[in-house]
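Structural features, examined
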Amino acid sequence: MKSFKPKQFRQQFPLVVNNEGNRLPVNGSSQISSSLPLVYFDNGATTQKPNCVIDSYHSFYQTTNANVHRASHTLSVKATTAFEHARNSIKTFINAKSNKEIIWTKGTTESINLLAMSLGRKILTHGDEIILAVSEHHANIVPWQLIAEQTGAMIKIVELDAMGRVCLPAFEQLLNSKTKVFCCAHISNVIAKINPINELIQKAKSVGAITIIDGAQAVAHFPIDVQALDCDFYVFSAHKMFGPTGVGVLYGKQALLETMPPYQAGGEMISKVSFNKPTTFNDLPFKFEAGTPNIAGVVAFSKAIEFISAYDAKQLCDYEKQLTIHCYQALQNLTVFSKKIVKFIVPGLPDIPVISFTLNGHHNHDIATALDSYGIAIRSGHHCAMPLMEYLNISGCLRISLAAYNTFEEINYFIDCLKKILTQESDASLTFTNKRDVNEQASAMIITQFAMVKSWDTRHRQIMLLGKQLHRLDKNMRNEQTLISGCESLAWLVSQKNSQGIFNFQADSDAKIIRGLLVIVLAAFNGKTAVQIQEFDIESYFKSLGLIQHLSPSRGNGILAIVEKIKKIAL
Ligand code: PMP
């Protein structure tokens, strides 16, 4: 067993640290001479990969690549051995009884879809009940909604206790003889508290319900023993625990898996196929593995398991805990103009290094974009948990999710940058141009002003300042009719056309960055005729501003959705 040494551990992640120990430049590197360090705090979405996982791909394709289970030639045997060895590693890692209980999937999402479509279709009928927690990820909601619609089953929602965990008394009240499936995250990807999973499983079993645990966040942070949990199914993804994307696991008790019909059909999952007799299916686990699997990914995943299992788990967990406490307390103590500003979405320290919060008076997307301009990657939005956002009465939140390769220095840098952003944001003396009506802002003038700056963080600041110049729409004009669909944040657009056929658009958004981008878009289209609007080359305009390449795809798509709506109106 290796002792966990943070520095040495970090050194094994090339995207985070290069060989000399310098952080890799990411955002802004092409724009400015002094490149920004990457601070990667989005590990809940996916972790970076250690060298051994990256090398495994190279080595697999250079020495082992062949299809599995199909041929008797030596290379296929070698590939099959590596593939099945990986299954055995996972079996040991989560303490399953047999390799037959480990099914390879694309990830947690596919594992849950498999269960909903195979098991759900088989056991659910009209009036049956499926219990989900209000804090579930969409991956654990939507497949059940689809199957409920197909079978006539109903979804019941269990709420949370004051600390954000699934509420046991509320759960007990929902249980009855109609409860057929209970599907719940071991830990929510937003709340980050361990649910009382043992009690929940036992109570669900007492009414004969099938228990499915989404371990996507849990498995990356502490050991899982599926036999001790005694759940029927446990699902997770490789990419959240230093493994590759496109590989996931469905653990299921053998007796149950045996009763379930196949999910997808094709090669490998069959025993005998005939046009004259019914097709018969392969044994477990192959019955659920139709087609050529992600062989190289599965083998690389086993390297991630070997990598992580080599460390003293307690030391690694302790380090993550210290990072969490440091970050949580720094946020808790953060003051801007002597005012505390951070609002955690639930009270109390999280159980895994995932911290979700909002900042009073600031839009989450604005903060995440501003942090990105300092090289800090954090997540903002609904985190694929829209019902939870609704339950908490927030439109979204910011989420920092740490891994064992993160450092205290990175957290301090993040806090310093956040403070800088929040104090600059409130600095009214910063002005980009004279305050004037957006309608008079010529696009040429914006281009000229943007041309004078080279770095993305300065451009970002200019966009934010432009946002301050946008005339806000009246509240009653911000409604369903004026809402632009396709934007990550809320954005509204209204238009007027005068007797000469000249258009005037007004727009608004709840995010400052979008308000800034709206100024830029409106400057391009206001005061133009329908023909001029159609002919305006928006791509070149954005290119000359050096804009689109720095916007996240969703934000870029949001801006393009606004442009499309303007063009549609002009048509
Ligand atoms: N459940 C939870 C709790 C998650 O955090 C995630 C990923 N954010 C998923 C399900 C879906 O995982 P994947 O995208 O890897 O299928």
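Residues numbered from 1 in each chain as written. Predicted model: local features only at pLDDT ≥ 70, side-chain atom pairs only at ≥ 80, totals over all residues. Heavy atoms only, no water.

A few words now on the overall build of the protein chain. Scanning the protein chain from terminus to terminus reveals 20 helices and 19 strands. Relative to all contacts within the protein chain whose residues are 6 or more apart in sequence, the contacts with residues 24 or more apart total 70%. About 24,600 Å² of surface is accessible on the protein chain, with carbon and sulfur atoms providing 53% of the total. Distance between charge centroids for the protein chain: 1 Å, based on 55 positive and 47 negative side chains. (Helix = DSSP H or I, 4+ residues; strand = E, 2+ residues; numbered from the N terminus. Contact = heavy atoms within 4.5 Å. Areas by Shrake-Rupley, 256 points an atom, 1.4 Å probe, with all protein chains shown as cover. Lys, Arg positive; Asp, Glu negative; His and termini not counted. Charge placed at Lys NZ, Arg CZ, Asp CG, Glu CD.)

On to the sheet that holds strand β13 (residues 342-344). Taking strand neighbours across the sheet as the criterion, the 4 strands line up as β13-β14-β17-β16 in an open arrangement whose pairing is antiparallel. Lying at the two open borders of the sheet, with one neighbouring strand each, are β13 and β16 (379-381). Each strand of the sheet is rotated relative to its neighbour by a mean of 35 degrees, with strand direction disregarded. Note: strand β14 (residues 354-359) against strand β17 (residues 397-401), 4 bridges, orientation antiparallel. If you follow Ser356 over to β17, its bridge partner there is Arg399. (Pairing = 2+ DSSP bridges. Axes fitted to C-alpha atoms, helices over the stretch in contact; angles between N-to-C directions.)

Next up on the list: the nonpolar core. Counting residues in hydrophobic clusters, the biggest one holds 109 residues, and the most contacted among them are Phe9, Tyr234, Phe301, Leu331, Phe357 and Phe414. Of all the elements, helix α10 (residues 295-309) adds the most residues to this core, at 10 residues. If we ignore the near neighbours within four places in the chain, the residues touching Phe357 are Leu331, Val342, Lys343, Phe344, Ile345, Asn364, Cys397, Leu398, Ile400 and Phe414. Counting residues in each nonpolar core, the second largest holds 39 residues, with Phe450, Leu493, Phe525 and Leu551 among its members. (Core = buried A, V, L, I, M, F, W, Y, C linked by side-chain atoms within 4.5 Å. Buried < 20%, exposed > 50% of the residue type's maximum accessible area, 1.4 Å probe, protein only.)

So, on to the sheet that holds strand β4 (residues 154-158). Strand order in the open sheet formed by 7 strands is β2-β8-β7-β6-β5-β3-β4, and the pairing between neighbours is mixed. Only two strands of the sheet have a single neighbouring strand rather than two, namely β2 (102-105) and β4. Taking each pair of neighbouring strands and ignoring which way they run, the sheet shows an average axis angle of 20 degrees. Pairing between β2 and strand β8 (residues 248-252): 4 bridges, direction antiparallel.

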